[in-house]
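Here is how the chains run, residue by residue.
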4 protein chains.
Amino acid sequence: MSELTVERVREAFGALASGDRRAMLEYWDEDVTFEIPGNHAHAGRHEGLDSFLGFLKTVGELSGGTYTAENVTIMVNAEDGYSVDVNTNRALRAGAPSDSTSPYDLLDVTALHFLRWRDGRIVEGRGVILGDGGSTSALWWSPINQDGSRRGI
Amino acid sequence: MSELTVERVREAFGALASGDRRAMLEYWDEDVTFEIPGNHAHAGRHEGLDSFLGFLKTVGELSGGTYTAENVTIMVNAEDGYSVDVNTNRALRAGAPSDSTSPYDLLDVTALHFLRWRDGRIVEGRGVILGDGGSTSALWWSPINQDGSRRGI
Amino acid sequence: MSELTVERVREAFGALASGDRRAMLEYWDEDVTFEIPGNHAHAGRHEGLDSFLGFLKTVGELSGGTYTAENVTIMVNAEDGYSVDVNTNRALRAGAPSDSTSPYDLLDVTALHFLRWRDGRIVEGRGVILGDGGSTSALWWSPINQDGSRRGI
Amino acid sequence: MSELTVERVREAFGALASGDRRAMLEYWDEDVTFEIPGNHAHAGRHEGLDSFLGFLKTVGELSGGTYTAENVTIMVNAEDGYSVDVNTNRALRAGAPSDSTSPYDLLDVTALHFLRWRDGRIVEGRGVILGDGGSTSALWWSPINQDGSRRGI
C-alpha cells in the first residue's frame, strides 16, 4: 500500500484527468462518495466513481470546457488518513459573453477538496468553496440567466 | 372580452386545475411566460403554457401529490391589466417522514402570483414567496436530503 | 373612515416619504408591523412605525441616498382589506463605483409590498422581491464587498 | 521560529481559548485577517486579532455559550506554510428551545479553518463550512426567528 503524501494526492487528480479508468482505480475507490457543496441541481453526495465522473462531465458541459483549477497547496495527515488540496477555480458558463463578470456567468472561487483515504485509496471526498463562493456559485449553477430566462443548457 | 375581476382570476386557476386544455386557453395565453422564483433547478421563466404545465407536473411528482394552496385574497387592477392572488402553500417532499418539519422536507410558505392580463388572458405570471421562504424553499427544491445524500427524485 | 383605493395606497407612500409623522399616521397604524424579506441583518418583521422608519433610514445610509422606486401598478381588494403595489427598485451601495453592476454593489430588482389595512390604516406590510432578487439582494445587504473585505458601512 | 506541526496548530487554538493575549501572540499575528464564510452580518474578512476576538465574543453571545467544536483531524504543509483543521461544530441560538432542530435555532455543521503561517504565526485564516452548511447556517446567523419575528439578540 502506498503511503499518503502530497505527491500521491497530486497523482490522484492526474489520474482522474487522464480518463484512464484503470489509473484512476489505483487512487480512487470504486465506491468513493463525493460531495458537491450547496443545494443546486448537481449538489450533494454522489455515490460511486461513475456517479462522480458523471458530475465532472456535467461541469465540462455547463462550462463549455472552460473549467480550470490552479493548485494553491496540498496537505496530508497520513496517520489520520486525510488530505486537503486547495485550488483556484474559474469557469465561464457555456454561451456566456467571454468578458462577463456576472456571477450567473463567471465562476471565480477558491475551493478545496477534503479527502479521506483508506488502504491507499480515496473513499470519501467533500468539496468546499471559500468565502462567499457558496452564494455566488449558486447563481452560476442555477438554470437561469441573469435576465431570468432559463438557459439552453 | 371578459373584464378582469377577482372572480375571473379564481376561474383561471380553476381552469388550470381542471386539466381541460380548452378551458385553460380561455384564461391563459398559449404563449404565457411564468417565472418560478429562486435559482433552483426548476426556477426561472418558463416559456409557453406547455412549459408551465410541465413545471406543475414536476411539483406534483416532487411532492408526491401533497401540494396544497389555500387562497388568502385576490386583487385586480383592471385598468392596468394586473392581478395578484396570495396563497398559503404546503407540500411534503415525496418519501419524507410525514411529521418532518425540516425545510428540506416540508415546504410551508405564503406566496403570491403577480399576473399580467391582455385581451382577457394571462400573458405573464411571476411567482413570489414571502418572508424568508425563498431561503427555506431552496432547501426543499434541492436535490439533496438533510443528511447530504441525493434524493431518489 | 376612508375607502381603500389605488389612490389611497399612493397617498400612504407619499405620506411616508414626506417625513411628516402626523401625515403618516393617517395611513399607517402606529403599531404597524413591516416584514423585510430574506435573512440579512435588517430582514424580518419590524414592529411598530418607528422601527419601520428606522429601517428606511438604514436603507438611506447603506445606499448613500441612491435608493429609487418606480411604481409599476397598484391593486386593492377593499372588501378583504388588502393592497399590493409593485415597484422597480434601484440602489447603489454607498462608496461603490457608480458604474458597478456587481450584485454586491447594485440592487436592481422588481419588488412589491403586500399590505393589510384595518379601519383605513395599514396594520401589516410585507415586502417581497421577484425573480431571483432574493439571492442577489442578499449580496447587496451583506456586510462584505465582492473581494471579501468588510464594508465601512 | 517554531516548526509548523499538527501539534502547533492544536496549541494555537488552545492559546486562543485561554484568553491569555500573550499566549495568543505566540501563534497568532497581531495583524491576522480571519474570514468568516457566507454573507450574514458577521461574515467577511475581520482585520486584526482584536477584530477576530470580537467576532468570537459575538458567537459566544449569539449562542449563549453553547458553541462547541470537536476536532476531526489536522493537516499541515510546513514547506508551503499552510494548515487545515477540521471540526464538528454545534451551537444553539440563545433563547431557542433546547430540543429544537430548526436550522434557525441549531447550528450543526462540519467546518474547517484554512490557515496561512509566516515566521511561526498565523497571518491569515479562512473559515469554511462543508456540505450545505453555508445555507443552513445563514438561517442560524440571521436576525430572525423561524416565525419571521426579529430576535432579541
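Quick note: structure is the one above.
Residues numbered from 1 in each chain as written. Chains lettered and ligands numbered in written order. Predicted model: local features only at pLDDT ≥ 70, side-chain atom pairs only at ≥ 80, totals over all residues. Heavy atoms only, no water.

Caption draft 1: Looking closely at the overall build of chain A. Secondary structure summary: chain A contains four helices and six strands in total. In summary, chain A has a C-alpha radius of gyration of 16 Å against a globular reference of 15 Å for 153 residues, a match within 12%. Each of the three principal axes of chain A carries a C-alpha extent, and together these read 55 × 30 × 25 Å. Every one of the 153 residues in chain A was classed for burial, and the buried ones make up 53%. (Helix = DSSP H or I, 4+ residues; strand = E, 2+ residues; numbered from the N terminus. Rg over C-alpha atoms; globule rule 2.2 N^0.38 Å. Buried < 20%, exposed > 50% of the residue type's maximum accessible area, 1.4 Å probe, protein only.)

Caption draft 2: Spotlight on the relation of the copies chain A and chain D. Placing chain A over chain D gives an RMSD of 0.0 Å and needs a rotation angle of 180 degrees, together with 0.0 Å of translation along the axis. The operation mapping one copy onto its partner corresponds to a two-fold rotation axis. For chain A, the residue whose C-alpha comes nearest the rotation axis is M75(A), separated from it by 2.8 Å. Most of the interface of chain A is mirrored in chain D: 100% of its interface residues are interface residues there too. (Least-squares fit on C-alpha atoms with pLDDT ≥ 70 in both. Contact = heavy atoms within 4.5 Å.)

Caption draft 3: The interface of chain B and chain C, seen in detail. Contacts between chain B and chain C engage 26 residues on the former and 26 residues on the latter. When chain B packs against chain C, close to 1900 Å² is buried across both sides, 62% of that on carbon and sulfur atoms. Taken as a group, M75(B), L130(B) and G131(B) account for 25% of the area that chain B buries against chain C, more than any other trio of residues on that side. On inspection of chain B and its partner chain C, the count reaches zero salt bridges. At the junction of chain B with chain C, the criterion picks out twelve residue pairs in polar contact (both at pLDDT 80 or more). Elements represented by at least two residues in the side of chain B that touches chain C include exactly β3 (68-77), β4 (82-92), β5 (106-118) and β6 (121-129) of chain B. With six residues, the single largest contributor to the side of chain B that touches chain C is β3(B). In terms of residue class, the side of chain B that touches chain C is made up of 14 nonpolar, eight polar and four charged. (Buried area = accessible area lost by both parts, 1.4 Å probe. Salt bridge = Lys/Arg side-chain N within 4 Å of Asp/Glu carboxyl O. Polar contact = N/O pair within 3.5 Å; in protein donor to acceptor, adjacent residues only side chain to side chain. Nonpolar A, V, L, I, M, F, W, Y, C, P; charged D, E, K, R; others polar.)

Caption draft 4: Expanded view of the nonpolar core. All names here are of chain D. Within the largest apolar cluster, 29 residues are counted, with the highest numbers of intra-cluster contacts made by W28, W117 and I122. Elements represented by at least two residues in this core include exactly α1 (6-18), α2 (21-24), β1 (28-36), α3 (49-62), β3 (68-77), β5 (106-118), β6 (121-129) and α4 (133-141). Those residues in contact with W117, other than ones at most four positions away along the chain, are L4, R8, V9, A12, Y27, G81, Y82, S83, I122 and V123. (Core = buried A, V, L, I, M, F, W, Y, C linked by side-chain atoms within 4.5 Å.)

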